[in-house]
Amino acid sequence: MTIAAAPPSSRFRGVRIWLTLVAALIAVMVLVGGATRLTESGLSIVEWKPVTGTLPPLTETQWHAAFDGYKQIPQYRELNAGMTLDQFKTIFWWEWSHRLLGRVIGIVYLLPFLWFLWRGAIGPEWKRALWIIFALGALQGAVGWWMVASGLSQRTEVSQVRLATHLSLALIIYAAIVWTLRRMADRARVAAPARLKVTALALLGLTFVQLYAGALVAGLRAGRLYNTWPMIDGALIPDAARLWFESPWWKNLFDNHLTVQFDHRMLAYALWTLAALHMIDALRTRAGAAARGAVLLFLALTAQATLGIFTVLYAAPIDLALAHQAMALVVLTLAVLQAERLTATREDRTALDRGAAGRLAVPSEPFPSA
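The structure presented is a predicted model; accordingly, all values stated were derived computationally and were not measured.

Participant: I'd like to hear about unusual backbone geometry, residue by residue, with values.
Facilitator: Negative phi characterises most residues that are not glycine, and trans characterises most peptide bonds. Along the chain, Trp-229 connects to Pro-230 via a cis peptide bond; the corresponding omega equals 5 degrees. Looking at where Pro-230 falls in the secondary structure, it is placed in the loop between helix H8 (194–220) and helix H9 (240–243). Cis geometry marks the peptide bond from Ser-247 to Pro-248; its omega dihedral reads -5 degrees. One non-glycine residue, Asp-233, adopts positive backbone phi at about 55 degrees. In this fold, Asp-233 is placed in the loop between H8 and H9. Judged by its relative accessible area of 29%, Asp-233 falls in the partly exposed class. Positive phi, normally seen in glycine, also occurs at Ala-316, with a value near 55 degrees. Take Ala-316: it is sitting in the loop between helix H12 (289–313) and helix H13 (318–343). For Ala-316, a relative accessible area of 14% puts it in the buried group.

In structure tokens, the structure reads:
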């Protein structure tokens, strides 16, 4: 006879703890990245040295060399001329911490992943997904430098489009890990109408679009303009001539401060309304865990909208802007959980179990004869 395998929730506890740690580190990195942007620190390191750049300057000579490199870019000449070495160190530490966190996340992801693979604790379905997540993480490092490079020659800041791409990729990686964690959980399937699945997926997709729009606002510093609500530029809907004055028209979606902030507001209204409808539908159909998830998502979006309003009214101070970004992570997490909850099947949730159960089942010794 054989001893029955342990339930998935306990058998794969190590894998789930590892992925939870990685997700938490990514969340911290997103917030540090936000602080780096808000303190105008992102261009303080003008070289990309994936290995040797791990160590900061250790001597006065090295500090002066790093500062001299910063003095060569437009941001210093046009915005920070006369900055002292001590002031430079402040912005340097923000950017260095952000890059160091990226390296730490890579190590924390890869080494346990290889160990779990060697132990046979991850089935083939999850192997592919987790390798893809690792590849996206490696790509993120290159995208980060691509973003920084945009501000080293002709601009005094990084491209807002590249900044939004960098943030979006980080959030895609984070969401993929959260989704995978939930798929590894052993729990009953949620019975709910198909329309709830559709609205949950729509909420998740719209959340990503809104986060991209928010990154454009941050990249353009558009939150420091048009600091009234609900009016913007003197009206609920600004004049079309001011929204669409750039040519070709689509450039306004990325470069026009008014259009970018207006789009961010309109997307927020749409997202909040869809979340309210999704919650009402889930409560009326008594969808159990899905109803609770819908309520939590709606409450988080309400809190996020409130933070967004105050951020605009006070012209995006660092504390409110970071709180707004932190709540965005909460909203994204809840949107991912709700979408996964309503789309998962029992077969999805036991894929990991099928892949590794054979390796982890323990044969018993036969009972001795009398």
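Participant: Just give me the short version of helix H5 (residues 85–119), but keep the residues and values in it.
Facilitator: Over its 35 residues, H5 extends 50 Å from the first C-alpha to the last, a length consistent with the 51 Å expected when each residue adds 1.5 Å. A positive backbone phi angle near 70 degrees is found at Gly-120, which sits one or two residues after H5.

Participant: Hey, could you go over the packing of aromatic side chains for me, with residue numbers and the actual values?
Facilitator: Within this structure, the stated rule accounts for 22 aromatic pairs. The interplanar angle of 75 degrees and the centroid separation of 5.4 Å between the aromatic rings of Trp-115 and Phe-116 together place this pair among those described as edge-to-face. What makes Trp-115 partly exposed here is its relative accessible area of 46%. Note on Phe-116: relative accessible area 10%, which makes it buried. Ring plane angle 80 degrees and centroid distance 5.9 Å describe the contact between Trp-131 and Phe-134, whose orientation is recorded as edge-to-face. Placement of the pair is Trp-131 and Phe-134 together in helix H6 (residues 124–149), with a separation of 3 residues, close to one helical turn.

Participant: I'd like to hear about the nonpolar core, residue by residue, with values.
Facilitator: Ranked by internal contacts, the top residues of the largest apolar core, which has 61 residues, are Trp-18, Leu-19, Leu-130 and Ile-177. Elements with a minimum of two residues in this core: helix H2 (13–38), H5, H6, helix H7 (160–183), H8, helix H11 (257–284), H12 and H13. For this core, the element with the highest residue contribution is H2, accounting for 11 residues. Sequence-distant contacts of Leu-130, that is, excluding residues within four places in its chain, are made with Trp-18, Leu-19, Tyr-109, Phe-113, Ile-122 and Thr-180. Trp-63, Tyr-76, Phe-92 and Trp-96 belong to the second largest nonpolar core, which has 18 residues in total.

Participant: Outline the packing of H2 against H13, supporting the account with residue identities and numerical values.
Facilitator: It is the contact of H2 with H13, at a shortest axis distance of 10 Å, that shows an interaxial angle of 150 degrees. Put simply, H2 runs roughly antiparallel to H13. The crossing of H2 and H13 is right-handed. Judged by residue contacts, Ala-27, Val-30, Leu-31, Gly-34, Ala-35 and Leu-38 of H2 engage Ile-318, Ala-321, Leu-322, Gln-325, Ala-326 and Leu-329 from H13.

Definitions and cut-offs
- Residues numbered from 1 in each chain as written.
- Predicted model: local features only at pLDDT ≥ 70, side-chain atom pairs only at ≥ 80, totals over all residues.
- Heavy atoms only, no water.
- Helix = DSSP H or I, 4+ residues; strand = E, 2+ residues; numbered from the N terminus.
- Buried < 20%, exposed > 50% of the residue type's maximum accessible area, 1.4 Å probe, protein only.
- Expected span 1.5 Å × (residues − 1).
- Phe/Tyr/Trp six-rings, centres within 6.5 Å; stacked < 30°, edge-to-face > 60°.
- Core = buried A, V, L, I, M, F, W, Y, C linked by side-chain atoms within 4.5 Å.
- Contact = heavy atoms within 4.5 Å.
- Axes fitted to C-alpha atoms, helices over the stretch in contact; angles between N-to-C directions.
- Parallel < 35°, antiparallel > 145°, perpendicular 65-115°, else oblique.
- Left-handed = near helix turned anticlockwise from the far one by under 90°.

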